[in-house]
Every structure is written in structure tokens, then in C-alpha cells.
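# Structural features, examined
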Amino acid sequence: MPERLSIADVWSALEDLRARRPLVHNITNYVAMSVSANVLLALGASPAMVHAVEEVEDFAAISDALVINIGTLSPPWVAAMGKAVERMRTAGKPWVLDPVGCGATPYRTQVAAELAVLSPAIIRGNAAEIMSLAGESGAGKGVDSVSRADDATHAAAALAARTGAVVAVTGEVDYVCDGAGCTAIYGGHALMPLSTALGCSLSAITAAFAAVRPPREAAMAALTVFAAAGSAAAARCRGPGHLPAELCDALHLMTPAMLAEHVRIAAAPAG
Amino acid sequence: MPERLSIADVWSALEDLRARRPLVHNITNYVAMSVSANVLLALGASPAMVHAVEEVEDFAAISDALVINIGTLSPPWVAAMGKAVERMRTAGKPWVLDPVGCGATPYRTQVAAELAVLSPAIIRGNAAEIMSLAGESGAGKGVDSVSRADDATHAAAALAARTGAVVAVTGEVDYVCDGAGCTAIYGGHALMPLSTALGCSLSAITAAFAAVRPPREAAMAALTVFAAAGSAAAARCRGPGHLPAELCDALHLMTPAMLAEHVRIAAAPAG
Amino acid sequence: MPERLSIADVWSALEDLRARRPLVHNITNYVAMSVSANVLLALGASPAMVHAVEEVEDFAAISDALVINIGTLSPPWVAAMGKAVERMRTAGKPWVLDPVGCGATPYRTQVAAELAVLSPAIIRGNAAEIMSLAGESGAGKGVDSVSRADDATHAAAALAARTGAVVAVTGEVDYVCDGAGCTAIYGGHALMPLSTALGCSLSAITAAFAAVRPPREAAMAALTVFAAAGSAAAARCRGPGHLPAELCDALHLMTPAMLAEHVRIAAAPAG
């Protein structure tokens, strides 16, 4: 079982992130771009969306971390993803894979599989995506999962062992898995899946944390901060409409006390 | 004159939609993607934005309804629209056409005309778009209409008769027309045209209702729920800024009483 | 030193803009599209996002102003930018250049340089972008500037002299420069850089004002209205999350008193 971060560790990672203000290169989907940028800014990172093959390598060269999200993929974007990833690998800088909708179509599943073996530091997805990417028959519905994250921890651990990536599978409970096992993060709110692209935004901040912490710590810190912000934000909402704005405010105003109040980090129940 | 839905009928359609949670495939414009996804989620549907020719057919095969919106069209997207539509037609599943800006440029007008004859279940647009698509000289200004929906009911009925689609023309008053005539829906709010892509989002939820009701009922239910949500949302706003968020909250919190309070469904005045 | 607008001049420009409701053609980046459209609508303009080479010239022909923003550029979009710009020039209608991230990659820097010599009425950017476009070594970090606008007034004036454009460089203090010198606009709020694409939205409304005023007056009016709206909006926020919505409300509810309370227009300190 992997070591668990304390709330103090998470707070320290956030302080370091804010001090460094990492430049996060996003090659992400059209739906997620605006909310991801706002979430990264509220957290304390510097986001940029750059996708043309003519410049992705040059931009990757100046970035501190990269997130690749295949939500609205097409061949020119996939070509750019490959080039940006290669540049990050060569430079020893971290990149995060969000295999949106993996399992929904053969094209999407194939692209996700090809990216997964290019040494991502972290892979983050919902249960259906992670199960599909691990080669299990996941239960997806378009880009939404109808499986519970709890059911995907075995697949996540297997995927981690095969790819060398830390695998974060998020849902009602979130899990961070590597080859040695999974840690559970309890937090968030039921309104979160009703606001689009919040999972994509979580992948983006995972990349930001990966600029200042090793992959497993980065994933745990990102999921913890996001779960706390989501929970605090939802407490101020009567529906999903204002959730992205409240989430940004909660990230901007985050304190150690908010982390302690809204999230619990624990060993994952034996699967 | 087509039969009119009662508020109870609309509520029943919404309950069925929420129980089924239809997967709505969106090939829509860049501006509308995020708000359409949020509106669909708040309503109770499951949205996905998928546009690559490499996967649109596979995705259409698992979707319950499709919305085609030409707001930011380009040839690769138009090619994908044709493929996705064909797959829905073959499978007997509904698709909705939103001919954004039809009449503004020859390219846009031609693409809209080519799509309109591919058996959409419902066509939804503003007055200028529907008049242009019907072959009348509409009065558009870019993508905004400067004609009133009232002036477009004749064009809408003619377009419905020619294409076999139910035609929804929305504005200060909304109309649902088929070959037999038009039904009027009174609701909404003057702030709504000041918030971008709400019409596009209405087309998206029309597709969601088309997954659980025949086209005319689906269009009436969608316009009624949206008008009620828009009116309830605007009552909480002092400007257009928070309208999309409030609209999502209103959709999420919708009740039969809100429908009854904010909307009136009536026979259209004889044109 | 250029003449400065009074608050009454700015208000008059806004009243004229609202009366004319200019159609603003946006060829902009994916991140900025939705917020730019909402900001233009709240201001009183009519926005449209149209980018396909098959229709950009036809759309430019019916537009009152054009904004070109290279935030998420790629070759097909750059080709469309060139065509749209050429049509506006031929027709004697204004266009605005936002050279997002100029200096971050060679591709981006080259495209910005090629556009800058095509007679934009106004160029608006942050300090790093303007310094890079002027040929100085700017200090950018991805698409964010780490230079202060104060440091860029010399570059802005030089760029204005070379291109014939009015150059607006925005930051903690905003400056409007032409070959004769710079005017400073004091307003805005420290939360504004924490909400994505607000600078892009400012470029969009600069184009809207350019439809009703000569370039220097248009730039000053746009920056003044935006700074006032941003300051008024931020006063209602506890973080950046609700800032775009509050900004739209402030634009929609703008009054001469709000302008006078939140902004000061002054001669730029001698550089």
C-alpha cells in the first residue's frame, strides 16, 4: 500500500505550486478549455492551450508540465499530442493523460492505448475509462461512467503496473493507485458530475502538481485539493450552475482548515 | 392546428427523460459546447461532444439522439455531420438540426439546406434562420435575428411541410410548427438573447426530449421547460452574466409548479 | 501626447455603440469564444464566431468590425484570418489584432508579425506580447506576461509608429499609444488576470468600439469601459470564479457614474 499524504503535505505542495506558478501546457478538448484554464489560474498555475503541430514542441520546451486530454480528438490533434509528449519525455518533464471516453469508440480506445505507453507520469480517468484502458470491459455511457470507482481499483493498479504511471480513478470516492496499491480520498460532492469538464480540470491541476511533486504525491495532492474545493463549493450551491465559479473561488481561497474539513485520505479497502 | 401539450404532459416527458438519461451526441459549435453540456447535464441527460469522422458513426451508434449545429462549421465538421446523421437515420433514431446563421453566408446557407433534407426530426432556429432555410428572405444580422418569431410561423409551417420535420422557431414567443399548423409557447425573458448560445443549448435539450417523445411533443416539452427555466432564472439575475448558471439551477430544480407559473402554451394566433 | 477622452466622451461612444449594435466578426481562440461573445452581448454589440475559409470573406463583408486573436492558431485558421483581414481592409472597415502569446514560440511570433503589418486599426496585448511584436525581448510566460505594462510603453509607441496602428498595452495600468505618445487608464482589479480570456474579451470590445469611433478613441473607450466594469465586478467577488458573470452584469448596467467612480484617464508618465 502506498504511503498516504497528510493534510500538511498537501498544503505544502500547494504552497510550492503557488510559489513556482508552473506553466501548464494543455492539449485538451474544446469543452474543457475554458473551465480548465480558470481552475488552473485559481489554483495558482499558469495555463496555456496550444495545439498546432507547428508549435507544440516549442511550447512543450518552455512548459513545466503537460496535460493530454482526448475528449474531442481528431487526427491533427493526436499528431500534436504525440509531438508534445515526446518533447516532455526527452526533457524529463511530467505529462498527464486523461483518456476521456476510452471504450466508447474504437478510435478513441486505440488513441488512448497508444498514448498510455508513452510514459505518462499520471493517468486520470473515471471508472469506465480506466477499466477500458486496462483492457477490462468497462461500463461507460459516452463520456460518463456508470461504473463506480470502487470497481476500478483493480484495473487501476494493473494499469499502473503495466505503464509505470500513477493511476487516479475518480468518482464518488477517488483512488490513487500505483503498482503497490491504492489510496482512497473521500470528499467531493454529488453535484460535481452534473457540471461539465470538472474531471478534465482535475487532470489539468494534476499536471500542475506534477511540476512540483513526484507523480504519486502530485496525484494525491491534486485530488485532495480538488475534492475539498468541490465540497466547499457545493455547500454554497443549490444546483450545478454556479459550481465551476464556486470551485474556482474555493481553490483561490483554499486553507489547510478547508482541506481538513472537507477531505479524508485513507488506505483503500482491500479489493 | 396541432394538439397542445398540458403542463402535466411536459412534466411526464421530463420525468421519462431523467429516468432514461439519454446519451445526446452533440456536433455543435465551439461557443456552445460548454453551456450545452451543462444545460443537458442539469436537465438530466448525458451529453458528449464527438466530431472526428474517424469515430462519429461509432458514437452515433451508441447515442440516443443527435444534435447538429452549424455555428462554427468547416468542411471536416460538415463531413462528420453527414456521417453521423446517416447513421442515426439508418437506426431510426432522432436528430435535431440547428441552422445557426443560415442566410448570413452562401456556404452556411447551402450546408443548412443540404442537412435539412436528411430527415431531421426537429429543426430549431431563430426567425431569420428559419425564414432563410424555408427560402424566404429572412432578416438576420450575423447569427442574431432581427425578425420576430411571429413573422416566421408561415415559413416554419412551409419548411415543416417540405422536410417532414417539426420546426421550432424561437424568439420573444416560441412556436412549434408542423404541416398542420403552429402552437405558441409564451415564456422566457428578455435577458436570454444577451447570453450566448442559449438557443444552441435549447436545440440540444430538444434532442434529449426527442429520445423519449415523438418530435412534436419533444419540441413542445423542450421549449416549455427551457422557457420556464429561463424565466425563473432571469428573476434571480440583475443582468445576463449569471443567467447560464441560474438556468442550469432552474433546470435541475424544475417542478410542475415552476412550469405552470412561468409558461403558457396556446394555439398560435392565425397568421 | 494624444488627447485624452473625458468620461462623457466614453459614455457617448458607448451610447452610439448600443444604438448601432455593431456586428463584430471574431476569429478568436477556443478558450475565449464563449466569454468574448458574452462580453460583447452585455456591452451591446452583436458577436459572431466564423472561421472557415469558405465563408470568412462573405462574413467580413457584412460585419462592422473584425477581431483577430491568435491564441489557439493553426494553419487553416491563419489562412482564414488573412482572407478576413483583406476583405475588411478593402472595405475600409476596422480590424483589431490580439497577438496572444507572441514571443512564446517562433510560429506564433511569425504569424503575429505578418498580421501586424496588414493595417490593423488597433493592436491590443499584454506587455510581453507587445514588446515581442515590437522586436524587443519581452518577458512572457506562455500566454501570461511577467513584464509590467509600464515597461512596454516605449515598445508600444514604437510599434504604433511602425504599423500605423493604435497600440493598447494592458496590465495593472493600461496604456493607449500612437506615434505621438501614450495615455494611461487606471482601473481594473488584481483578480482580472486570474480569470481566463478577459484580455481577449477586451480586444473584442475594442473592435466593437472601433465600429463607432476612430481607433484611438475606440481603444480608450474600450479600455475605460472594461476597466470600470472589471473594478465594479470585482467589488462583488470573493475570488475569480464569478468575475466573468459579474463583468457582464457590470457592462450591461454601466452608467456614467460607474465610469467616473472606477476609472481615471491620465497622461502617461514620461517614460
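Since this is a predicted model, take the numbers as computed values, not measurements. (Residues numbered from 1 in each chain as written. Chains lettered and ligands numbered in written order. Predicted model: local features only at pLDDT ≥ 70, side-chain atom pairs only at ≥ 80, totals over all residues. Heavy atoms only, no water.)

Our next topic: the overall build of chain A. Looking only at helices and strands, chain A has 11 helices and 11 strands in total. In terms of C-alpha radius of gyration, chain A reaches 16 Å, essentially the compact-globule figure of 18 Å for 271 residues. Counting only C-alpha atoms and orienting by the principal axes, one finds that chain A spans roughly 45 × 40 × 35 Å. Split into buried and exposed, the 271 residues of chain A put 67% on the buried side. The contacts of chain A with a sequence gap of at least 6 include a subset with a gap of at least 24, amounting to 70%. Summed over all atoms, the accessible surface of chain A reaches about 8,300 Å², with 52% contributed by carbon and sulfur. Within chain A, the 24 negative side-chain charges are centred at a point lying 1 Å from the centre of the 18 positive side-chain charges. (Helix = DSSP H or I, 4+ residues; strand = E, 2+ residues; numbered from the N terminus. Rg over C-alpha atoms; globule rule 2.2 N^0.38 Å. Buried < 20%, exposed > 50% of the residue type's maximum accessible area, 1.4 Å probe, protein only. Contact = heavy atoms within 4.5 Å. Areas by Shrake-Rupley, 256 points an atom, 1.4 Å probe, with all protein chains shown as cover. Lys, Arg positive; Asp, Glu negative; His and termini not counted. Charge placed at Lys NZ, Arg CZ, Asp CG, Glu CD.)

Hydrogen bonds between backbone groups are what pair the strands of a sheet, and the pairing can be parallel or antiparallel. All names here are of chain B. What the nine strands build is an open sheet, ordered S2-S1-S3-S4-S5-S8-S9-S10-S11; its pairing is mixed. Each edge of the sheet is formed by a strand with only one pairing partner; in this case those strands are strand S2 (46–49) and strand S11 (264–267). The sheet shows a mean angle of 20 degrees between the axes of neighbouring strands, taken without regard to direction. In this structure, strand S10 (residues 181–186) lies alongside S11, joined through four bridges in antiparallel fashion. Bridged to Tyr-186 within S11 is Arg-264. Each of strand S5 (122–125), strand S8 (166–169), strand S9 (173–178), S10 and S11 touches helix H9 (residues 215–234); the most contacted strand, S9, lies at about 175 degrees to it. (Pairing = 2+ DSSP bridges. Axes fitted to C-alpha atoms, helices over the stretch in contact; angles between N-to-C directions.)

What follows is about the relation of the copies chain C and chain A. Both copies of the chain are placed relative to one another by a rotation about an axis and a shift along it. Note on the identical chains: chain C maps onto chain A by a rotation of 120 degrees and an axial translation of 0.0 Å, with an RMSD of 0.0 Å. The superposition of one copy onto the other is thereby described by a three-fold rotation axis. Across chain C, the smallest distance between a C-alpha and the rotation axis is recorded for Tyr30(C), namely 3.8 Å. A share of only 8% of the interface residues of chain C reappears at the interface of chain A, consistent with the copies meeting through non-equivalent patches. (Least-squares fit on C-alpha atoms with pLDDT ≥ 70 in both.)

Another point: unusual backbone geometry. Residues and elements named next belong to chain A. Phi is positive for Arg-21, close to 45 degrees, though the residue is something other than glycine. With respect to the secondary-structure elements, Arg-21 resides in the loop between helix H1 (7–20) and strand S1 (23–27). Looking at Arg-21, the relative accessible area reads 25%, which means it is partly exposed. Residues other than glycine seldom take positive phi values, yet Ala-197 does so here, at roughly 70 degrees. Considering the arrangement of structural elements, one finds Ala-197 in the loop between strand S10 (181–186) and helix H8 (198–210).

Each pair of aromatic rings is reported with the distance of its centres and the angle of its planes. Under the counting rule described, the total for this entry stands at nine aromatic pairs over all chains. Both rings, one in Tyr30(A) and one in Trp77(A), keep their centres 5.3 Å apart while their planes meet at 75 degrees; by these two values the pair is edge-to-face. In this pair, Tyr30(A) sits in the loop between S1 and helix H2 (33–43) while Trp77(A) sits in helix H4 (residues 75–91), placing the two residues 47 residues apart along the sequence. Residue class for Tyr30(A) comes out buried when judged on its relative accessible area of 7%. Residue class for Trp77(A) comes out buried when judged on its relative accessible area of 7%. Ring pairs connect the aromatic residues Tyr30(A), Trp77(A), Tyr30(B), Trp77(B), Tyr30(C) and Trp77(C), which therefore count as one cluster. The residue whose ring lies beneath Arg264(B) is Tyr186(B), and the NZ or CZ to ring-centre distance is 4.3 Å. (Phe/Tyr/Trp six-rings, centres within 6.5 Å; stacked < 30°, edge-to-face > 60°. Lys NZ or Arg CZ within 6 Å of the ring centre and 35° of its normal.)

This part covers the interface of chain C and chain B. How big an interface is tends to be reported as the loss of accessible area on association of its parts. Between chain C and chain B, the contact holds 32 residues from the first and 26 residues from the second. With both sides pooled, the region where chain C packs onto chain B buries about 2,500 Å², and carbon together with sulfur makes up 60% of that total. Looking only at chain C, the three residues that lose the most surface to chain B are Leu41(C), Glu55(C) and Asp249(C), adding up to 20% of its buried area. Inspection of the region where chain C meets chain B yields two salt bridges. Residue Glu55(C) pairs with Arg108(B) through a salt bridge whose shortest N-O separation is 2.5 Å. Counting the contacts that link chain C with chain B gives five residue pairs in polar contact (both at pLDDT 80 or more). Broken down by secondary-structure element, the contributors of at least two residues to the side of chain C that touches chain B are helix H2 (33–43), strand S2 (46–49), helix H3 (56–62) and helix H10 (243–252) of chain C. (Buried area = accessible area lost by both parts, 1.4 Å probe. Salt bridge = Lys/Arg side-chain N within 4 Å of Asp/Glu carboxyl O. Polar contact = N/O pair within 3.5 Å; in protein donor to acceptor, adjacent residues only side chain to side chain.)

Bringing the confidence of the model for chain A into the picture now. Scored by pLDDT, chain A comes out at a mean of 95, with 96% of its residues at no less than 70. Scoring of the predicted complex yields 0.97 for pTM and 0.96 for ipTM. (pLDDT = per-residue confidence, 0-100.)

A separate point is the interface of chain C and chain A. On the side of chain A, 32 residues touch chain C, which itself brings 26 residues to the contact. Put simply, chain C and chain A have two salt bridges between them. Our enumeration of links across chain C and chain A arrives at five residue pairs in polar contact (both at pLDDT 80 or more). The element that contributes the greatest number of residues to the side of chain C that touches chain A is helix H5 (residues 106–116) of chain C, accounting for three residues. Along the lines of polarity and charge, the residues of the side of chain C that touches chain A split into 12 nonpolar, 10 polar and four charged. (Nonpolar A, V, L, I, M, F, W, Y, C, P; charged D, E, K, R; others polar.)

Take the state of the cysteines next. Using the criterion set out here, one finds three disulfides over all chains in the structure. Across the disulfide, Cys177(C) is cross-linked to Cys182(C) (sulfur-sulfur distance 2.1 Å). On the sign convention where negative is left-handed, the bridge of Cys177(C) and Cys182(C), at about 105 degrees about the S-S bond, is right-handed. Considered together, Cys177(C) and Cys182(C) belong to a single accessibility category, that of buried residues. With no disulfide of its own, Cys200(A) has Cys102(A) as its nearest cysteine by sulfur position, at a separation of 14 Å. (Disulfide = S-S within 2.5 Å.)

Residue and element names in this part refer to chain C. Taken in spatial order, the nine strands line up as S2-S1-S3-S4-S5-S8-S9-S10-S11 in an open sheet, and their pairing is mixed. Strands with a single pairing partner mark the edges of an open sheet, and in this sheet they are S2 and strand S11 (264–267). For this sheet, the mean inter-axis angle between neighbouring strands, taken without regard to orientation, is 20 degrees. Here strand S8 (residues 166–169) pairs with strand S9 (residues 173–178) via three bridges, running antiparallel. Note that in S9 the partner of Val-167 across the bridge is Cys-177. Along the sheet, helix H4 (residues 75–91) contacts strand S1 (23–27), strand S3 (65–69) and strand S4 (95–98); its crossing angle with S3, the most-contacted strand, is approximately 155 degrees.

Moving on, we get to the pairing of strand S9 (residues 173–178) of chain A. Along any regular strand the residues' side chains alternate between the sheet's two faces. Residue and element names in this part refer to chain A. For S9, the tally of buried residues reaches six of six residues, placing the bulk of the element in the interior. Residues Val-173, Tyr-175 and Cys-177 line one face of S9 and the alternating positions Asp-174, Val-176 and Asp-178 line the opposite face, and both faces are buried. The hairpin turn running from strand S8 (residues 166–169) into S9, its antiparallel successor, is three residues long. What sits between the antiparallel neighbours S9 and S10 is a turn of two residues.

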